[in-house]
Amino acid sequence: MRCILFGPPGAGKGTQAEFISKHFSIPHISTGDIFRENIRNQTPLGIEAKRFSEAGNLVPDSVTIAMVRDRLSKQDCVNGFLLDGFPRTTAQADEFDAILRDLDTSLDAVINLVVPDEELVERLSKRGRADDSVDTVLHRLTVYHDNTKSLIGYYRSRGILCDVVGVGPIEDITAGILQALAR
Ligand code: AMP
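Right, let's walk through the structure included here. Worth saying up front: this structure is predicted, and the values here are computed from it rather than measured.

### Re the environment of Ala180
(1) Moving on: One can find Ala180 in helix α8 (residues 170-182).
(2) Moving on: With 81 residues separating them along the chain, Ala180 and Ile99 place their C-alpha atoms 25 Å apart.
(3) Moving on: The contact partners of Ala180, leaving out residues within four places of it in the chain, are Ile111, Cys162 and Val164.

Written as structure tokens, this is what we have:
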């Protein structure tokens, strides 16, 4: 299973991604988690990423794409992967297609978790992470919508996008995702 999980910050992607990852025995690859880990460990990648990520902006494509290419070429990805937080721009989506071609494989599905903005602001302002102040949250949502609109359209036109309602009991959302992936 090779899939992407789309959803705005606060949509519950992390929780659902862990479940899908276990269910299909595939690694959950979250670019946000990888950046945060590198920032924590003050690696060269982390130092580069920090000034963008702390302001709620995207890390430059060149940095992000190189990181994903490296991660997807690891042995644990041969039977599939779940990408979370990538691609975020059309340039990343194009490069991702090239990476898949180079790996001689293709994408099975793209899950789009749909949650209204009002609900997201409420959830995120309760979470209290360093990049969760209300202004930063609103900025991240704007960036997310601006960037993903065309990506959603891109994958929808290829017939592999599945919208799943991301509001309600966690188990119901999980069931919706599994149903979509079974198609
Ligand atoms: P996330 O946890 O997915 O919301 O990501 C947290 C932060 O990491 C984002 O606000 C960006 O600064 C950075 N980031 C994560 N994924 C990407 C990506 N695909 N492209 C650029 N920046 C990213």
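Read on, since the account is not over.
### Digging into the nonpolar core
(1) Moving on: Grouped together as the largest cluster of nonpolar side chains are 22 residues, with contacts concentrated most on Phe6, Phe96 and Tyr155.
(2) Moving on: For Phe6, the contacting residues outside a window of four places in its chain are Lys13, Pro87, Val110, Ile111, Asn112, Leu113, Tyr144, Thr148, Leu151, Ile152, Tyr155 and Leu161.
(3) Moving on: Membership of the second largest hydrophobic core comes to 21 residues, among which are Ile20, Leu124, Ile177 and Leu181.

### Brief notes about the site of the ligand
(1) Moving on: Surveying the vicinity of the ligand reveals 14 residues, the closest of which are Thr31, Arg36, Asn57, Gly85 and Gln92.
(2) Moving on: One nitrogen or oxygen atom from the main chain of Asn57 is found 2.6 Å from an oxygen atom belonging to the ligand.
(3) Moving on: Val59 has a polar backbone atom sitting 3.0 Å from a nitrogen atom of the ligand.
(4) Moving on: Against a free-state accessible area of 480 Å², the protein chains account for coverage of 94% of the ligand.
(5) Moving on: Among the elements that take part in the shell around the ligand, helix α2 (residues 31-40) stands out by supplying four residues, more than any other.
(6) Moving on: In terms of residue class, the shell around the ligand is made up of four nonpolar, seven polar and three charged.

### Things to note about the packing of aromatic side chains
(1) Moving on: With the rule as written, the count across this model stands at four aromatic pairs.
(2) Moving on: Look at Phe81 and Phe96: their rings are 6.4 Å apart centre to centre, the planes differ by 70°, and that puts the pair in the edge-to-face class. In this pair, Phe81 is assigned in strand β3 (residues 81-84) and Phe96 in helix α5 (residues 90-102), connecting sequence segments 15 residues apart. As far as burial versus exposure is concerned, Phe81 and Phe96 are alike and both buried.
(3) Moving on: Judged by centre distance (5.0 Å) and plane angle (65°), the ring pair of Tyr154 and Tyr155 falls under edge-to-face.
(4) Moving on: Residue classification places Tyr154 among the partly exposed positions, given a relative accessible area of 26%.
(5) Moving on: On the accessibility criterion, Tyr155 (0% relative accessible area) is buried.
(6) Moving on: Among the aromatic side chains, those forming a connected cluster through ring pairs are Phe6, Tyr154 and Tyr155.

What counts and how
Residues numbered from 1 in each chain as written. Predicted model: local features only at pLDDT ≥ 70, side-chain atom pairs only at ≥ 80, totals over all residues. Heavy atoms only, no water. Helix = DSSP H or I, 4+ residues; strand = E, 2+ residues; numbered from the N terminus. Contact = heavy atoms within 4.5 Å. Core = buried A, V, L, I, M, F, W, Y, C linked by side-chain atoms within 4.5 Å. Buried < 20%, exposed > 50% of the residue type's maximum accessible area, 1.4 Å probe, protein only. Near = heavy atom within 4 Å. Polar contact = N/O pair within 3.5 Å; in protein donor to acceptor, adjacent residues only side chain to side chain. Areas by Shrake-Rupley, 256 points an atom, 1.4 Å probe, with all protein chains shown as cover. Nonpolar A, V, L, I, M, F, W, Y, C, P; charged D, E, K, R; others polar. Phe/Tyr/Trp six-rings, centres within 6.5 Å; stacked < 30°, edge-to-face > 60°.

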